[in-house]
Amino acid sequence: MKIATILGTRPEIIKMAPIIAEINKRNINHVVLHTGQHYDKEMSDNFFRDLEIPAPDYNIHVGSGTHAKQTGLMMSGIEKILLKEKPDIVLVQGDTNAVLAGALVSAKLHIAVGHVEAGLRSFDLTMPEEINRRVADVCSVMYYIPTEESAINLLAEGFSRKNLFITGNTVVDACFRHLEIAKKRGFGEESLKELDIDGMDNILTLTMHRAENVDIKERVTNIIDALKELTDVDIIFPIHPRTKNTLEKFGLFEELNSLSHVHIVKPIGYLDFLLLTSKSVLILTDSGGLQEEAITLDVPALTLRYNTERPETVAAGGNILVGANKEAILENANRILNDKEFADKMKNAVNPYGDGDAAVKTVDAIEKYYHEGKLNITAPEDIMDSFTREMTQIDADITVSEFEQSENALVHMVHDGVKMRFPTDDMNLKGMMITYDKRK
Ligand code: UD1
Ligand code: UDP
């Protein structure tokens, strides 16, 4: 079996690292393609170093540009390499332009696509990421899904439960594996050593880079106005290059940089960042990955967005959406800083993203599909059968598999009387309302 992994940005390198390590551990033939969307050392190379994974086999060097330009360049670069390498499966992760380009190209070459972190939905089509993740899901054959809730998003869109694997999120694998290493090593970046972070006891880690925040002057201004009043904390702000550019363009960079409690530094390596966030009393962010890391590291998070494709973190109580609303930021931040009971409740939120074995589960699923021949994409040659979509209440003790066998059906959705559930093979359906596709 040969696997090709496509990645292009900082979070993809971090979240694919545990899977790359697992593939290499099993000696599976593997090539890694970097699209070159992120190219600064601080946004790319440093992560291969910190996460101890080999440098990519190919780099397409697409660089920065409009969505169409970036995606187009990626598509033609990826196509050339896939035609040469002929992998059995292409892995894409998350929702960046690399995912869109990689999934589209592979699907059209009839190469199976495995989507890591599939099924997330913000239901906000102004986010480029929402478009990317939806298109990638349409093009995929296998789905490695962080939570039951995301799996249900896919079921609701009509995807077969058979191809959905709830694995947890590899961000937990990366966090667990590297936090201890980071703690032993201590801070490595000069910028952090100079700040004497170890001597600070009230740290707020801030990151923001979402186009819908930082490209809109009114929104960044509101956020900065809130930061000005949060003088009880040391705000450490590793600034994303997009954000640095737009703050400079809006003439806001110097003003923010001059505040004595705000410390702007370049983007920092993964080990330093893990150490920084784990020492923080609060994380203020619009990052996707950081919402997951916050709940994994037991640090309360305030998310600078009006919606999230990670609603599990909010439901669990570890994350609050504050948008770009100055009052909401200040009210919630001050409550976390001054109300211990409130902060403890957020810290104790149960992590919905698994136990740190997502990479093992993902590679297990890939090997299983490969051995079962399910990665071969061919046009169906059996005469098309028709089916009916039905719904029923189950009163007997019967598992999903048994029901499917006896009815020649595929169970689609299960409702336990309170909420939708993901139908696993061995789930007992007694008392459940189900929808299913029944073959004629
Ligand atoms: C991209 C992803 C986003 C992800 C983020 C992770 C898309 C549509 N967006 O957003 O989903 O959350 O990465 O960080 O794929 N730049 C540099 N150096 C670099 C990279 C970028 O200076 O190494 C600057 C350039 O001015 C560029 C800007 O940052 O125009 C934005 O970069 P881009 O890759 O287009 O989008 P991100 O905001 O990084
Ligand atoms: N991160 C990092 N250094 C930084 C900022 C973030 O290592 O200076 C890591 C962080 O631990 C997380 C990931 O980058 O795993 C999140 O990336 P980003 O916020 O750029 O993208 P998103 O997750 O929003 O797609």
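To start, this report covers the structure provided alongside it. Counting of residues starts from 1 at the beginning of each chain's written sequence and follows it residue by residue. As they are written, the chains are lettered A onward and the ligands numbered 1 onward, keeping that order. Selection of residues for local features in this predicted model requires a pLDDT of at least 70, selection of side-chain atom pairs for listing and counting requires 80 or more, and totals for whole chains, interfaces and linings are taken over all residues. The basis for every side-chain value is the complete set of non-hydrogen atoms in the structure, without hydrogens or water.

Looking at ligand 1, there are 20 residues lining it, with His38, Tyr39, Glu129, Arg210 and Arg242 nearest. Any N or O atom pair separated by 3.5 Å or less is treated as a polar contact, with the protein-specific requirement of one donor-capable and one acceptor-capable atom, and with residues adjacent in sequence counted only for side-chain atom pairs. Contacts to ligand 1 include Gln37, whose side-chain N or O atom sits 3.0 Å from an oxygen atom. The side chain of His38 places a nitrogen or oxygen atom 2.7 Å from an oxygen atom of ligand 1. Only the protein chains shown count as cover for residues, and all accessible areas are computed by the Shrake-Rupley method using a 1.4 Å probe. In the complex, the protein chains occlude 87% of the 750 Å² of accessible area that ligand 1 would expose alone. What counts as a helix is a DSSP run of H or I of at least four residues, what counts as a strand is a run of E of at least two, and both are numbered from the N terminus. Residue assignment for the shell around ligand 1 shows that the elements contributing at least two residues are α3 (67-85) and α11 (241-249). With 3 residues, α11 is the single largest residue contributor to the shell around ligand 1. Here the residues of the shell around ligand 1 sort into 4 nonpolar, 11 polar and 5 charged. Residues are classed as near a molecule or strand on a simple rule: at least one heavy atom within 4 Å of it. Each residue receives one of three labels: charged for Asp, Glu, Lys and Arg, nonpolar for Ala, Val, Leu, Ile, Met, Phe, Trp, Tyr, Cys and Pro, and polar for the others, Gly being one of them.

Right, let's talk about the sheet that holds strand β7 (residues 164-166) for a bit. Taken in spatial order, the 7 strands line up as β3-β2-β1-β4-β5-β6-β7 in an open sheet, and their pairing is parallel. Edge positions in the sheet fall to β3 (58-59) and β7, since each of these pairs with one other strand and no more. Strands pair, by our definition, only if DSSP identifies at least two bridges between them. Taken together, the 5 bridges between strand β4 (residues 89-93) and strand β5 (residues 112-116) define a ladder with parallel strand orientation. Bridge pairing links Gln93 to Val116 in β5. When checking whether two residues touch, look at their non-hydrogen atoms; a contact exists if any pair is within 4.5 Å. Only the stretch in contact is used when fitting a helix axis, every axis being a line fitted to C-alpha atoms; angles between N-to-C directions are given from 0 to 180 degrees. Docked against the sheet, helix α18 (residues 358-371) engages β1 (2-7), β4, β6 (142-145) and β7, running at close to 165° with respect to β6.

With that out of the way, let us pick up the site of ligand 2. Ligand 2 sits among 16 residues. The nearest are Arg10, Ile268, Ser287, Gly289 and Glu293. Here Arg10 contributes a side-chain N or O atom positioned 2.8 Å from an oxygen atom of ligand 2. Between ligand 2 and Arg210 there is a distance of 3.2 Å, counted from an oxygen atom to a side-chain nitrogen or oxygen. Within the complex, the protein chains bury 95% of what would otherwise be the 540 Å² of accessible surface of ligand 2. Broken down by secondary-structure element, the contributors of at least two residues to the shell around ligand 2 are α1 (10-25), α13 (270-278) and α14 (288-296). Looking at the shell around ligand 2 residue by residue, the classes come out as 8 nonpolar, 5 polar and 3 charged.

Within 6.5 Å between ring centres, the rings of Phe, Tyr and Trp (the latter by its six-membered ring) count as paired, and their orientation is classed by plane angle as stacked under 30 degrees, edge-to-face over 60, tilted in between. Applying the stated criterion to the full structure yields 3 aromatic pairs. Pairing Phe403 with Tyr436 gives two aromatic rings, centres 4.9 Å apart and planes at 85°, and the pair type is edge-to-face. In this pair, Phe403 is assigned in helix α19 (residues 400-407) and Tyr436 in strand β17 (residues 433-439), connecting sequence segments 33 residues apart. Take Phe403: its relative accessible area is 6%, and that puts it in the buried class. Looking at Tyr436, the relative accessible area reads 7%, which means it is buried. Each ring is checked for a lysine NZ or an arginine CZ that lies within 6 Å of its centre and within 35 degrees of its normal; such an atom marks a charge sitting over the ring. Over the aromatic face of Phe253 sits the side chain of Lys244, whose NZ or CZ is 5.3 Å from the ring centroid. Looking at Arg335, its charged tip hangs above the ring of Phe342, at a distance of 4.0 Å from the centre. The rule is simple: take the accessible area with a 1.4 Å probe, protein chains only, and divide by the maximum for that residue type; under 20% is buried, over 50% is exposed, in between is partly exposed.

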